[in-house]
Amino acid sequence: LGKETTKLLATMNPTIVMACRNREKTLPIIEEIKRDSNNQNIHFMPLDFDDFDTIREFQREFDEKFKKCDILINNAGLWNPE
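All values reported here derive from a predicted model rather than from experimental measurement. (Residues numbered from 1 in each chain as written. Predicted model: local features only at pLDDT ≥ 70, side-chain atom pairs only at ≥ 80, totals over all residues. Heavy atoms only, no water.)

> Go over the pattern of salt bridges, please, and point to the residues and values.
A side chain with one charge may pair with a side chain of the opposite charge, provided their charged atoms come close. A complete count under the given rule lists nine salt bridges for this structure. One salt bridge connects glutamate 4 with lysine 7, and the closest N-O pair in it is separated by 3.6 Å. Taken together, the positions of glutamate 4 and lysine 7, both in helix 1 (residues 3-10) and three residues apart, correspond to about one turn of that helix. The salt bridge partner of lysine 68 is aspartate 70, with a shortest N-O separation of 3.3 Å. In this structure, lysine 68 and aspartate 70 share a single accessibility class: exposed. When salt bridges with common partners are traced through the structure, they connect Glu57, Arg60 and Glu64 into a single cluster. (Salt bridge = Lys/Arg side-chain N within 4 Å of Asp/Glu carboxyl O. Helix = DSSP H or I, 4+ residues; strand = E, 2+ residues; numbered from the N terminus. Buried < 20%, exposed > 50% of the residue type's maximum accessible area, 1.4 Å probe, protein only.)

This is the structure in C-alpha cells:
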C-alpha cells in the first residue's frame, strides 16, 4: 500500500498489512500513521516480488498471523532514473 492510501484507510480502523521491500523506510511511516490515525492495527511484512523466496515466506507468515484477506490493494510506484 502507498502512504496516502494507508493513511485514509487507517481512519476506518481496520487491520492493515503494508507489504513492502524496505523495512527501514516503511516502519517510520507506519508509526506516523498509527500516531495520526490512532489505529494500532497496522503491520509491516517484507515482500519483494522479484524474489520468490520472500513471496513464499510472506504467504506463510500472513497465513499464520491473519485469518483472511478481505481487500487487496496493489500500489505500483514509478521510478525515473533521470
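Don't stop here, the text continues.
> Give me the lowdown on the pairing of strand 1 (residues 16-20), citing residues and values where you can.
With four of its five residues buried, strand 1 lies for the most part within the structure. Judged from the five bridges that link them, strand 1 and strand 2 (residues 42-46) form a sheet pairing that is parallel. Note on strand 2: the bridge partner recorded for methionine 18 is phenylalanine 44. Each parallel crossover has a hand, and for strand 1 linked through helix 2 (residues 23-37) to strand 2 it is right-handed. (Pairing = 2+ DSSP bridges. Right-handed = clockwise from strand over helix to strand, strands pointing away.)

> So what about the nonpolar core? Which residues, and what values?
Counting eight residues, the largest nonpolar core is built from Ala10, Ile16, Met18, Cys20, Ile30, Ile33, Ile42 and Phe44. Counting only elements with at least two residues in this core, the list comes to strand 1, helix 2 and strand 2. If one sorts the elements of this core by residue count, strand 1 sits on top with three residues. Setting aside its immediate chain neighbours within four residues, alanine 10 contacts Ile16, Ile33, Ser37, Asn39 and Ile42. (Core = buried A, V, L, I, M, F, W, Y, C linked by side-chain atoms within 4.5 Å. Contact = heavy atoms within 4.5 Å.)

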